[in-house]
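Residues per chain are reported as follows:
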Amino acid sequence: MIIEAVKISHLRMPLVLPFETSFGRITSRDCILLEIFSEGLTGYGECVADRDPGYSYETVNTAWHILKDYLIPAVLGRNLHDADDCQAMVANVRGHPMAKAGLEMALWDLIGKAQSRSLSSMLGGVRTKVEVGVSVGIQETPQELVKVVERYLQDGYQRIKVKIKPGRDVGDVGAVRAAFPSIRLQVDANSAYTLATAERLKPLDGLDLLLIEQPLAEDDLWDHHKLQAQFATPICLDESILSVRHARQALEMAACRIINIKAGRVGGMNQGAAIHSLCHNKGVPVWCGGMLETGVGRAANLALASLPGFSLPGDISATERYYQEDITNERFQLNSDSTINVPKAPGLGISINEKAVKRFLVKAESMS
Ligand code: NPQ
Ligand code: MG
């Protein structure tokens, strides 16, 4: 398909509740909505870079620059058959995986629409619904955290992830475990510890957690190896895994036993699916991470999580956990068995609420 035009829109959407992690607290979510136009069809994609460089170095503004000045010019007017073509055309841009993944997602949606195939079926998905959990931000007090967790359990979420940081770890997680002795529970530090400060996380090993996510720095595979040797609980890497090669090396050096897959962090669905295959062949569990996506990225996550090796619940919550109003007409609901249905319609399987996009718009630019 010849790429005739591409539009990028910077959006800012209010969150239902503030979300606090070890790197900061937000009350609204910025993202870039991409639209690729070809043969009368529109493919939609979402770039998950944040307003601030807290989770990764990429921001909405770096992604805007890389998309506008490099990635979009590399595909405009060219003939693309699949995501591999797109990856080849952007291969000499170093880094900036979230910018690349946003463009690639829009291409998947476009191609799916042209071929009348859902993203799940194009990727080789085997599930019509996927198990999900909820990621709970740092609260004022451990008591407050227990109340918030209780509410999500009442909503029907059967797996809880608690965000931790130094000083807000063992006490908070211990309180949740004491209140709910048998729930599926895991924690995420977003790189807030060092090998030395992670000493104090030792009591977590007695709390029957599914996993401890990204305790140490993103560029620190080796100390994760040392830490994993000290813990019975599996360490799961998120920020550290930016490619299939990182995933293979992390497993070879026993730096983790589980991998969180986010298409945005690894430069696209293609690489996300490839990391899934690597892990599936080795019997290593993977699960789909979340970046507070709009309905666009949420639909993509559901398709990815329908692949056979996604054996742990994903950070893919219902729309209402994050947004009162979304930019897709579809709202994703939690089923009573803590699952969400995988979209079946062609491409991402979503349609856009243009009024909502207008309301959340910061700026837009079209290129042809
Ligand atoms: C994680 N997500 O697994 C991420 C971190 C995260 C659902 O816990 C704005 C943009 C806010 C990206 C907050 C979840 C964010 C963000 C958290 C990513 O590490
Ligand atoms: Mg994480």
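The structure this text deals with has already been given above.
Report on the accompanying structure. (Residues numbered from 1 in each chain as written. Chains lettered and ligands numbered in written order. Predicted model: local features only at pLDDT ≥ 70, side-chain atom pairs only at ≥ 80, totals over all residues. Heavy atoms only, no water.)

Some points on the overall build of the protein chain
Phase 1 of the analysis: When helices and strands are counted, the protein chain shows twelve helices and 13 strands.
Phase 2 of the analysis: For 368 residues, the compact-globule estimate of 2.2 N^0.38 gives 21 Å, and the protein chain sits close to it at 20 Å.
Phase 3 of the analysis: Judged by the C-alpha coordinates and their principal axes, the protein chain covers about 60 × 40 × 35 Å.
Phase 4 of the analysis: Long-range contacts, defined here as pairs at least 24 residues apart, represent 72% of the contacts in the protein chain between residues at least 6 apart. (Helix = DSSP H or I, 4+ residues; strand = E, 2+ residues; numbered from the N terminus. Rg over C-alpha atoms; globule rule 2.2 N^0.38 Å. Contact = heavy atoms within 4.5 Å.)

Observations concerning helix α3 (residues 97-115)
Phase 1 of the analysis: Along its 19 residues, α3 runs 26 Å from first to last C-alpha, staying within 8% of the 27 Å computed at 1.5 Å per residue.
Phase 2 of the analysis: In terms of residue burial, α3 counts as a mostly covered element, since 16 of its 19 residues are buried.
Phase 3 of the analysis: Note on α3: the residue one or two positions beyond its end, S116, has a positive phi of about 55°. (Expected span 1.5 Å × (residues − 1). Buried < 20%, exposed > 50% of the residue type's maximum accessible area, 1.4 Å probe, protein only.)

Describing the site of ligand 1
Phase 1 of the analysis: With respect to spatial proximity, 19 residues lie near ligand 1, and among them S135, K161, K163, N190 and G290 are the closest.
Phase 2 of the analysis: Surface burial for ligand 1 is 99%, taken as the share of its 440 Å² of free accessible area covered by protein chains.
Phase 3 of the analysis: When residues of the shell around ligand 1 are traced back to their parent elements, those giving at least two are β1 (5-21), β2 (24-38) and β6 (159-163).
Phase 4 of the analysis: Here the shell around ligand 1 is built from residues that sort into seven nonpolar, four polar and eight charged. (Near = heavy atom within 4 Å. Areas by Shrake-Rupley, 256 points an atom, 1.4 Å probe, with all protein chains shown as cover. Nonpolar A, V, L, I, M, F, W, Y, C, P; charged D, E, K, R; others polar.)

Observations regarding the pattern of salt bridges
Phase 1 of the analysis: Evaluated as defined, the whole model comprises 19 salt bridges.
Phase 2 of the analysis: A salt bridge links R12 to D30; its shortest N-O distance comes to 2.8 Å. Within this pair, whereas R12 is found in strand β1, its partner D30 is found in strand β2, the two being separated by 18 residues in sequence.
Phase 3 of the analysis: The class of D30 is buried, set by a relative accessible area of 0%.
Phase 4 of the analysis: Where R184 meets E131, a salt bridge forms, and the shortest distance between an N and an O atom there is 3.3 Å. Taken together, the residues R184 in strand β7 (residues 184-188) and E131 in strand β4 (residues 129-131) connect sequence positions 53 residues apart.
Phase 5 of the analysis: Residue classification places R184 among the partly exposed residues on the basis of a relative accessible area of 31%.
Phase 6 of the analysis: For E131, a relative accessible area of 38% translates into the label partly exposed.
Phase 7 of the analysis: Sharing partners across several salt bridges, the network here consists of R159, K161, K163, D188, E213 and D315. (Salt bridge = Lys/Arg side-chain N within 4 Å of Asp/Glu carboxyl O.)

What to know about the side chain of R159
Phase 1 of the analysis: Structurally, R159 can be placed in strand β6.
Phase 2 of the analysis: In this structure the side chain of R159 is engaged in a polar contact, spanning 3.1 Å, whose partner is the backbone oxygen of P313.
Phase 3 of the analysis: Apart from the residues within four sequence positions on either side, R159 is in contact with G133, V134, S135, R184, Q186, L210, W287, P313, G314 and D315. (Polar contact = N/O pair within 3.5 Å; in protein donor to acceptor, adjacent residues only side chain to side chain.)

Description of the packing of aromatic side chains
Phase 1 of the analysis: Following the criterion strictly, the structure yields four aromatic pairs and no others.
Phase 2 of the analysis: Each ring, one from Y322 and one from Y323, has its centre 6.2 Å from the other, and the planes form 45°; the classification is tilted. This pair shows no difference in class: Y322 is buried, exactly as Y323 is.
Phase 3 of the analysis: Through a chain of ring-to-ring contacts, the aromatic side chains of F19, Y322 and Y323 assemble into a single cluster. (Phe/Tyr/Trp six-rings, centres within 6.5 Å; stacked < 30°, edge-to-face > 60°.)

As for the coordination of the magnesium ion (ligand 2)
Phase 1 of the analysis: Those protein atoms acting as donors to the magnesium ion (ligand 2) are D188 (OD), E213 (OE) and D238 (OD), and they sit at 2.1 to 2.3 Å.
Phase 2 of the analysis: Using a relative accessible area of 0% as the deciding quantity, one classes E213 as buried.
Phase 3 of the analysis: We classify D238 as buried; its relative accessible area is 0%. (Donors = N, O, S within 2.8 Å, 3.2 Å for Na, K, Ca; no water.)

What to know about helix α7 (residues 221-230)
An α-helical turn contains 3.6 residues, so any two residues separated by three or four positions project in the same direction.
Phase 1 of the analysis: When we look at burial in α7, the residues that qualify are L221, D223, H224, L227 and Q228. Here the buried residues of α7 occupy an arc of 155° about the axis, which is enough to place them on one side.
Phase 2 of the analysis: Of the surrounding elements, those touching the buried residues of α7 are β9 (235-237) and α8 (244-252). (Arc of directions from axis to C-beta.)

Concerning the sheet that holds β2
Phase 1 of the analysis: Judged by pairing direction, the sheet is antiparallel, and its four strands sit side by side in the order β3-β2-β1-β13 without closing on themselves. In this open sheet, the two edge strands, each paired with only one partner strand, are β3 (41-47) and β13 (361-367). In this sheet, adjacent strand axes meet at a mean angle of 25° when their direction is disregarded.
Phase 2 of the analysis: The strands touched by α3 within the sheet are β2 and β3, with β3 carrying the most contacts at an inclination of about 150°. (Pairing = 2+ DSSP bridges. Axes fitted to C-alpha atoms, helices over the stretch in contact; angles between N-to-C directions.)

As for the nonpolar core
Phase 1 of the analysis: Core analysis: the largest hydrophobic core is formed by 123 residues, its most contacted members being L103 and I259.
Phase 2 of the analysis: Looking at this core element by element, the count peaks at nine residues for α3. (Core = buried A, V, L, I, M, F, W, Y, C linked by side-chain atoms within 4.5 Å.)

Regarding the packing of helix α1 (residues 60-75) against α3
Phase 1 of the analysis: Direction vectors running N to C along α1 and α3 enclose 50°, while the axes themselves pass 9 Å from each other. As far as their axial angle goes, α3 and α1 are oblique. Here the hand of the crossing between α1 and α3 comes out right-handed. Contact residues: α1 offers A63, I66, L67, L71, I72 and V75, while α3 offers A99, K100 and L103.
Phase 2 of the analysis: Split by residue class, the contact of α1 with α3 holds eight nonpolar, no polar and one charged. (Parallel < 35°, antiparallel > 145°, perpendicular 65-115°, else oblique. Left-handed = near helix turned anticlockwise from the far one by under 90°.)

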